[in-house]
Amino acid sequence: MLSAFTARPIVELKQRDKSKIESILAYGDRVLVGLNTGSLRIYRVNELNEDADKPEQLNGDNEPDQPKAKPADLLREEDKFSRRPVQQLAIIKEANILVSLSDNYVSIHDLQTYALQERLEKTRGATSFAVTSNIVKDPSTGIPSIVSRLAVAVKRKIILWTWQDMELSDEASELTLIASVKSLTWATGTKIVAGMDPGFVMVDIESQEISDINKPGAPGEAGGQGGTRFGAVTSSGMGYMGMGSWVPKPMATRLGEGQMLLGKDVNTLFIDTDGNALDKRQFPWASAPEAIGYSYPYMLALQAPAKGGLEVRNPDTLSLLQTISLPNANFLHVPQPNISLAHAGKGFLVASDRCIWRMGALDYDSQIDELVLNGRYDESISLLGMLEDTLLKDKVGRIREIKMLKAQGLFDLRRYRESLELFSNAEAPPERVIALYPKVIAGGLAATEHVEEAEDEADHEETNGEPSVESSKTIPTPASSLGRSMIGKFIAEQKKADSDSSSARSVKVVTDGSDTASIKAKVSETLTNEKPLEGKDLTRAVNELRAFLAQTRVKLKRFINTDGTLKQPLQEPSESQSEDFKPEFWKYIMEPPSSGQGDWASKLREVAELVDTTLFRAYMLVSPSLAGPLFRLDNFCDPEVVNERLYESGRYSDLIDFLHGKKLHREALELLAKFGKNDADGEVAPALRGPHRTVGYLQQLPPEMIDLILEFAEWPLRVDPEHGMEIFLADTENAETLPREKVLEFLQHIDLNLAVKYLEHIIEELGDPEPDFHQRLIDLYLQRLKAGPDAFDSDEERQIWLWKLQTFLKSSSHYTKIRAFRELPTDDPDYYESRAIVLSKMDQHKQALQIYVFQMKDYQKAEEYCNQTYLTGLQPSAPTSTTAHAATRGIAPTMDPEDAEPTIYHTLLSLYLAPPPPHAPNWAPALALLSRHGARLPASTTLDLVPQSLPVKELQSYFRGRIRNANSVMNEERIVARLRGVEKVAVEAALLVGDEGGVGGRNRRVLVGEERHCAVCHKRFGGAAIRVYPDGSVVHSGCLKGSVGRKGTGGGVGGLVEGGRRGGWG
């Protein structure tokens, strides 16, 4: 149990002294003792050293030490202090007076000389009194003053005296109650609790209002109204008939801030300072106490003299913490703090008829350590919550540590949900929680599961004294052992390590009803029946761990980015804070770094990696289907652990997703290649077979990883070229931004057809104007075509490639014409047209036509070539009125045959009629050309080519075409002239008359009537000068400047008028 207080006798009456102690009073280092003889003894308490109670020892010279000091010295004794026993003592220090109750009277004595100053005659028949002192501010001036009050219980009356700044105020005031007052206890400076046989009442001495203190009513009791007065003897309560005249004494004491405790017999009631009952259960007293009190922060109850025991309880949990044996003790005196701090009254006194004990308190940190070592975590947390921060070292840290110890105790009791919730509430380091689990979850953090062996070794160490350093390092601590692992490990962080006898294995089980007591008892029981965490227990524990890790994961995201850097840089600590500097996330780190802010970031990254890796292990153990979604999020999972577990379990798709998320692309592609080629050890899903997953993976990689893409793209291209080319031909940003030169070299190395396909894609679909790519495509076309028919599967395929070559030579203008022309064979008929196309691109039209006419003898293609060249070569830079008008309508303009220059048709005609030797004239295509394109052949140059022997009849179609062309030019000129005349008339009419509404033109007029007003100043015009706008709006000539720049809804001043009518000018 707790050793919060230690009893030390300070006054013991000698055997020959027949007097008895009736009352005691302590203030400062003085103790006043009132005897049954009426005497008053004054003692001075001596402060003794810690070694004062130890047996005498001899010094080096074999001489005895100095004589033992007395705990208290009798300073004086007032034999004639009173004629009767001194029943009660109190002081009013501010007034320098001593108040005593003797012979049923209250008397006032001098505090220095103890001489009687006055016996208060009004107090005849007094049974008890109460004193209080408080600092009160004057409501008018605000000046503080000390106000002391004395309340005396005289039968049914309460008589009050007041001292303000050492001066007694006016006459005493009286209040009458319903029964004799047995006890008085001040609740505040103006309210007092009076205990009577019928119960307790709260008395307000300022308003003289008396209110009953009722206990909470049970449901259905008294029509649902409040309960009866607490302490009253009712038919439903305990009756005292047949017990003689004994009636339990009403008792009351002040507790912490704003609370009081009332007691009568074994019944208790917690109230606030207004007399309202609080929702707290009663103290579990087996018998009625002799006296109650409060010594910060504990509740005291002195048992009957026959039992001679002082109970120390927690007023929050009501648990019994300590029982101190004090033979025949019947007095309990706690110096009221009044103005001092709440913890100033911890040195209280307990007395019997012959002895007075002073209770020495252990320091609060030691008390907390003792409770923790006993496994009483709830009591420790409750006590820490009641104590002030200045009385403890790191109060917040202690509460957090104890919560974690309690959570571990609950974990050992298989109460996993409560344990993990408490760990989460305490913001425990994840490493500490994960270490509780076996190796399948905790990995390297898990302790060995051979519990019996560890216990045997530990017992061996205890029998041989202190364990050696080597053994302490080699013996792993069981993850489920509370006493051996956590108590010894984590209490040492708060306090230096204690002896082995203070370990949890030797702690006795307390038998009170607190939760921690049950935890301690069950934990001690589990230490003897240790079994590994497995089966259903492991599943339940892991499910709760998942929730804890998920919450911790969310909390860590507030501080760390996905790349492991901190979201907010750590502030540089000052010189005074350099040693104790801790960032906001320090709670999640088990062992703080030695130095440096970078170490904090690396430690936090390690924690994040531990959390995600453990969460992965938990998913894989209880619900493997949830592991996949974890990888699709940014995570810090350990790749080695994940790779091993997923590969062993055959979850290859999840493994690929994880490696992709961690940017371990090479490892992922190696696995995909292994699965795609069906080289894996186990069964592979059909979705992973073949190159499809590899192609899809490579499509997601950025262009910066081109070397990796090309390395792993080879085997899909060789297995399935059509699908493998999707890596480079897909309609994605990554595919379009790949380095094209590297891709082209790679594809050409594998297969020429793939390189051609890629070039066609980037030129035709992506529109790449790079001349080198255009020339490369021509070279690759020719390279395969020159390889001969054996390079193609069929003649149709070869014809397709020839057509592609010719089409590309026509459409592209970015390749090198000279180079392409030189590479085309001169004597192969398959390349005649290609050479003609290149010559056309070089503007060598005559050479191109010679190929069509003399080598290919394809007169239709020659004519088509002329048509295309003629339409392409029209020059619209200096058009006549006729040609310009025709060009606007998309019609080929007609020309005057006498002024036109020779065209491409003339060149073709000359090759027909005057070919170079050894070719002979060809009349049939020449006459067909003259017939169809005579309008484009000038007569002056064309007729010179026609031989004199050709009959004119053969030229009939040519002349007909020329005549029609001349007529068309003349008719077009006439139509244009007439249209211009009509346009001129329309313009003149609009200028003179205006539009159809009569608005505009020179014929417009404005009617200014008497009701018309200016659109700017809104005044009538009268005979003033006016200005008229084109829209018919009228303003004063002087208002013209004011109207400029204003806008209305209708534009111009007309808009201003409408806007003005609708309510304003802007």
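The shown structure was predicted, so the numbers you read here are calculated from the model rather than taken from an experiment. (Residues numbered from 1 in each chain as written. Predicted model: local features only at pLDDT ≥ 70, side-chain atom pairs only at ≥ 80, totals over all residues. Heavy atoms only, no water.)

Caption draft 1: Unusual backbone geometry, seen in detail. The omega torsion across Tyr296 and Pro297 is 0°, close enough to zero to call that bond cis. In this structure, the amide linkage connecting Pro917 to the following residue, Pro918, adopts the cis form with an omega of 10°. Relative to the assigned elements, Pro918 resides in the loop between α31 (904-913) and α32 (923-933). Its identity is not glycine, yet Gln208 carries a phi of approximately 55°, on the positive side. Positionally, Gln208 belongs in the loop between β17 (199-204) and β18 (209-212). The backbone of Asn328 sits at a positive phi, close to 60°, despite the residue not being glycine. The topology assignment puts Asn328 in the loop between β25 (320-325) and β26 (331-333). Judged by relative accessible area, Asn328 falls into the exposed class, the value being 51%. (Helix = DSSP H or I, 4+ residues; strand = E, 2+ residues; numbered from the N terminus. Buried < 20%, exposed > 50% of the residue type's maximum accessible area, 1.4 Å probe, protein only.)

Caption draft 2: Quick look at the pairing of strand β15 (residues 181-186). The buried count for β15 comes to 5 of 6 residues, which makes it a mostly enclosed element. For β15 and strand β16 (residues 191-196), the ladder comprises 5 bridges, and the chain directions are antiparallel. Note on β16: the bridge partner recorded for Thr185 is Val193. Here β15 folds back onto β16, and the loop between the two strands holds 4 residues. (Pairing = 2+ DSSP bridges.)

Caption draft 3: Local environment of the pattern of salt bridges. All told, the structure shown has 41 salt bridges when counted by the stated rule. With its nearest N and O atoms 2.7 Å apart, the salt bridge here joins Glu401 to Arg432. Here Arg432 lies in helix α5 (residues 430-434) and Glu401 lies in helix α3 (residues 395-412), a separation of 31 residues in the sequence. You'll find Glu401 and Arg432 in the same group, each marked buried. A salt bridge links Glu711 to Arg666; its shortest N-O distance comes to 3.0 Å. Taken together, the residues span a long stretch of sequence, with Glu711 in helix α18 (residues 706-719) and Arg666 in helix α16 (residues 665-676) at a distance of 45 residues. A single salt-bridge network, built from bridges that share partners, covers Glu741, Glu745, Asp772 and Arg776. (Salt bridge = Lys/Arg side-chain N within 4 Å of Asp/Glu carboxyl O.)

Caption draft 4: A look at the packing of aromatic side chains. With the rule as written, the count across this model stands at 21 aromatic pairs. For the ring pair Tyr852 and Tyr865, a centre distance of 5.7 Å and an interplane angle of 40° mean the geometry is tilted. Taken together, the residues Tyr852 in helix α28 (residues 845-855) and Tyr865 in helix α29 (residues 859-872) connect sequence positions 13 residues apart. Using a relative accessible area of 5% as the deciding quantity, one classes Tyr852 as buried. The ring of Tyr105 carries Arg119 above its face, with NZ or CZ at 3.8 Å from the centroid. Here the guanidinium or amino end of Lys804 rests over the ring plane of Trp801, the centre of that ring lying 5.7 Å away. (Phe/Tyr/Trp six-rings, centres within 6.5 Å; stacked < 30°, edge-to-face > 60°. Lys NZ or Arg CZ within 6 Å of the ring centre and 35° of its normal.)

Caption draft 5: Looking closely at helix α17 (residues 692-699). Looking at α17, one finds that the buried residues are Thr694, Val695, Tyr697 and Leu698. The buried residues of α17 occupy an angular sector of 165° when projected down its axis, which confines them to one face. On its buried face, α17 sits against α15 (652-661), α16, α18, α19 (721-724) and α20 (726-729). (Arc of directions from axis to C-beta. Contact = heavy atoms within 4.5 Å.)

Caption draft 6: Geometry of the sheet that holds strand β8 (residues 105-110). Across the sheet, which stays open at both edges, the 4 strands sit in the order β6-β7-β8-β9 with antiparallel pairing between neighbours. The outermost strands of the open sheet, each flanked by one partner alone, are β6 (86-92) and β9 (116-120). Geometrically, the sheet is characterised by an average inter-axis angle of 20° between neighbouring strands, direction not taken into account. Across 6 bridges, β6 lies against strand β7 (residues 97-102) in antiparallel orientation. By the bridge assignment for β7, Ala90 is matched with Val99. (Axes fitted to C-alpha atoms, helices over the stretch in contact; angles between N-to-C directions.)

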